[in-house]
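Remarks on the overall topology
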Amino acid sequence: MTIDNFANPWPARENIEITSVRAITTAPEGTALVVVRIDTNVPGLYGLGCATFTQRWKAVQAFVDEHLSRLLIGRYPGDINDLVRLAAFSGYWRGGPVTNNAISGIDQALWDIAGKRAGLPVYELLGGKVRAAADTYIHAAGKTAEETIDQALGFIDDGWRHIRLQISTPGGGGYGAPKVPTEYPNAPYRNGWSGRDYLRRVPALFEAARDALPDNIELLHDVHSRLSPKEAVLLARSLEQYGLYFLEDVLPPEHWDRLPEVRAASPVPLAVGELTTSLTDAVRLVRDGGVDFIRSHISDIGGLSPARKVADLAELSGVKTAWHGPGDTSPIGAAANVALDVSSAAFGIQEGHIYNEATHDVFPGTLRIRDGYLTPNAAPGWGIDIDEVAAKRFPAEISGHDEWAAGVRRPDGALEAP
Ligand code: MG
């Protein structure tokens, strides 16, 4: 008699089993989204989880369909902890965004099923609310300070209290703001990005913004991992007088071991973590004193299960959460962020994204931000479905991020982290 190692390792509490696991891709905003759907032998009982790694979505899709589905079919969906550990350990090598996004898709889909079985929203499975809703921040960006401030004023009219301000820097490699013509016509790479010019331009933006915007509006800024440790301190000090809510991603992940010294010298709170690609990465950021806000992209560290551990550690460490949440997170992932936000005492702020109407068509139940706040669905699970016919109308394509990243260079031609 052979032993089936993929069978339930103990008797299932109920006669429910997983019958299929598959990745669904769609791009209603042009950005490839990956969602995992897990079906069961109970008619109508299925779950959805976010597995979106938009730059490498085909790899995640193959990982789910070819490697992970065979581990789960026939298993009891209530054993979430065992199933996500099996998904993580069975490949021997662990971590990384392809692996962890695939596991996240499974993890979140199993939580969705658990919520539907219980008749409860996921945040109640996590212990219930400690707040009514999650306050969000939104992105304002322009070619000039005036353009950025105009956008910010529009968001303030719509109820936001926290706004991330970005401004174009010369060349094609500025982050979060439109391209502007080069100012380095004689450089080897004429469309380059200069860190030194960036350090001069950003404080001028915040000086103008503080003059133009009400005092009670919280301002944020995202460096996008472009500075050296000492440049990060220079920027943080030059922004001190503008009272930033947080300064994001001053260093690339390769230099995260320098964050504690940068944070010690920084007069403004530091937010780091969207590039964490494992639970251990996120834990080190919190535990080693490098961050005031941890902001992992939760599918990149393996989903809701690892993220709740980070939230608990943050709560015990005096660190706040600010989960990554722009348009390269599916509405399912956004709902997972909010479930953590409303159930964790460590919550600081949530990155917001305004999904287009096509996304609402593909994902009925997608959350809408009102007066700057995100409120989770009260329906069981995530309270969000997928219309696969609508999803097919927006086929995913290979990300344009590769083309953009290939052009992000210093004026001397050296490739810069995008
Ligand atoms: Mg960011």
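Quick look at the structure, then. Note that the structure is predicted; figures quoted are calculated from it, not measured.

**Some thoughts on the sheet that holds strand E1 (residues 18-26)**
- In spatial order, the strands read E1-E2-E3; together these three strands make up an open sheet with antiparallel pairing. Across the chains shown, the open sheet's two edge strands, defined by having one partner strand only, are E1 and strand E3 (46-50). Going from strand to strand, the sheet's axes swing by 20° on average, the running direction of each strand aside.
- Where strand E2 (residues 33-40) meets E3, five bridges bridge the pair, whose relative direction is antiparallel. By the bridge assignment for E3, Val35 is matched with Cys50.
- Its contacts with the sheet put helix H1 (residues 57-72) on E1 and E2, and the angle it makes with E1 is roughly 175°.

**Description of the pattern of salt bridges**
- Tallied over the entire structure, the rule returns 22 salt bridges.
- Taking the shortest distance from any N to any O, the salt bridge between Asp222 and Arg164 comes out at 3.2 Å. Of this pair, Asp222 sits in strand E6 (residues 218-222) while Arg164 sits in strand E5 (residues 162-167), and the two are 58 residues apart along the sequence.
- The class of Arg164 is buried, set by a relative accessible area of 3%.
- A salt bridge links Glu274 to Arg295; the nearest nitrogen and oxygen atoms lie 3.1 Å apart. Linking Glu274 in the loop between strand E8 (270-272) and helix H9 (279-287) with Arg295 in the loop between strand E9 (293-294) and helix H10 (304-317), this pair joins segments that are 21 residues apart in sequence.
- Put simply, Arg22, Arg37, Asp39 and Glu388 are held in one network by salt bridges that share partners.

**Brief notes about the packing of aromatic side chains**
- Taken as a whole and assessed by the stated rule, the structure comprises seven aromatic pairs.
- Here Tyr92 and Trp93 contribute two aromatic rings whose centre-to-centre distance is 4.8 Å and whose plane-to-plane angle is 70°, an arrangement assigned as edge-to-face.
- Judged by its relative accessible area of 71%, Trp93 falls in the exposed class.
- On the numbers, 5.4 Å between centres and 45° between planes, the contact of Tyr245 with Phe293 is tilted. Of this pair, Tyr245 sits in the loop between helix H7 (229-238) and strand E7 (246-248) while Phe293 sits in strand E9, placing them 48 residues apart in sequence.
- Classification of Phe293 by relative accessible area gives buried; the value is 7%.
- Of the aromatic side chains, those joined through ring pairs into one cluster are Tyr137, Tyr245, Phe246 and Phe293.
- Over the aromatic face of Tyr46 sits the side chain of Arg37, whose NZ or CZ is 3.7 Å from the ring centroid.
- Its guanidinium or amino end placed over the ring of Tyr46, Lys116 lies 4.2 Å from that ring's centre, counting from NZ or CZ.

**Quick notes on the pairing of E3**
- In terms of burial, E3 is largely enclosed, as five of its five residues are buried.
- Covered by surrounding structure in E3 are Tyr46, Leu48 and Cys50 together with Gly47 and Gly49, the residues of both alternating faces.

**Some details on empty space enclosed by the protein**
- Taken as a whole and judged by the stated rule, the model has five cavities of 30 Å³ or more.
- Its boundaries defined by the atoms lining it, the largest cavity holds a volume of some 90 Å³.
- Taken together, Gly325, Ala334, Asn337, Gln350, Glu351, Gly352, His353, Tyr355, Leu367, Ile369 and Leu374 make up the full set of residues lining the largest cavity.
- When contributions to the lining of the largest cavity are tallied by element, the ones reaching two or more residues are helix H11 (331-343) and strand E11 (350-351).
- For the lining of the largest cavity, the residue count by class is five nonpolar, five polar and one charged.

**Here's the deal with the environment of Arg117**
- Mapped onto the fold, Arg117 is located in helix H3 (residues 97-118).
- The class for Arg117 is partly exposed, based on a relative accessible area of 27%.
- Put simply, Arg117 and Ala62 are 55 residues apart on the chain and 29 Å apart in space, counted from C-alpha to C-alpha.
- Ignoring any residue separated from it by four or fewer positions in sequence, one finds Arg117 in contact with Arg13, Glu14, Ile16, Leu45, Tyr76 and Gly78.
- At 2.8 Å, the side chain of Arg117 and the side chain of Tyr76 are in polar contact.

**A few points about the pairing of strand E4 (residues 134-142)**
- Across the nine residues that make up E4, a large majority, eight, are buried.
- Strand direction decides the pairing type here: E4 and strand E12 (residues 373-374), joined by two bridges, are antiparallel. Bridge assignment links Asp135 to a residue of E12, and that residue is Tyr373.
- Both E4 and E11 contribute to a ladder of two bridges, which runs parallel. Each bridged residue has a counterpart across the sheet, and for Tyr137 the counterpart in E11 is Glu351.
- Looking at chain direction, E4 and E5 are connected through six bridges and run parallel. Directly across from Ala140, in E5, lies its bridge partner Leu165.
- Assessed by its sense of winding, the connection that carries the chain from E4 through helix H5 (residues 145-157) to E5 is right-handed.

**Observations concerning unusual backbone geometry**
- Despite not being glycine, His224 shows a phi value in the positive range, around 65°.
- Looking at the secondary structure, you find His224 in the loop between E6 and H7.
- Classification of His224 as buried rests on a relative accessible area of 14%.
- Despite not being glycine, Asp249 has its phi angle at roughly 45°, a positive value.
- Within the element layout of this structure, Asp249 appears in the loop between E7 and helix H8 (259-265).

**Focus on the coordination of the magnesium ion**
- Only Asp222 (OD), Glu248 (OE) and Glu274 (OE) from the protein coordinate the magnesium ion, and they sit 2.0 to 2.2 Å from it.
- Read in sequence order, the donor residues for the magnesium ion give the motif D-x25-E-x25-E. Of this pair, Glu248 sits in strand E7 while Glu274 is found in the loop between E8 and H9, placing the two residues 26 residues apart along the sequence. With respect to class, Glu248 is no different from Glu274; both count as buried.

Rules of the game
Residues numbered from 1 in each chain as written. Predicted model: local features only at pLDDT ≥ 70, side-chain atom pairs only at ≥ 80, totals over all residues. Heavy atoms only, no water. Pairing = 2+ DSSP bridges. Helix = DSSP H or I, 4+ residues; strand = E, 2+ residues; numbered from the N terminus. Axes fitted to C-alpha atoms, helices over the stretch in contact; angles between N-to-C directions. Contact = heavy atoms within 4.5 Å. Salt bridge = Lys/Arg side-chain N within 4 Å of Asp/Glu carboxyl O. Buried < 20%, exposed > 50% of the residue type's maximum accessible area, 1.4 Å probe, protein only. Phe/Tyr/Trp six-rings, centres within 6.5 Å; stacked < 30°, edge-to-face > 60°. Lys NZ or Arg CZ within 6 Å of the ring centre and 35° of its normal. 1 Å grid on protein atoms, 1.4 Å probe; cavity = no way out; pocket = protein on both sides within 12 Å on 5 of 7 lines; lining within 4 Å. Points joined across faces, edges and corners; volume = space filled by probe spheres on them. Nonpolar A, V, L, I, M, F, W, Y, C, P; charged D, E, K, R; others polar. Polar contact = N/O pair within 3.5 Å; in protein donor to acceptor, adjacent residues only side chain to side chain. Right-handed = clockwise from strand over helix to strand, strands pointing away. Donors = N, O, S within 2.8 Å, 3.2 Å for Na, K, Ca; no water.

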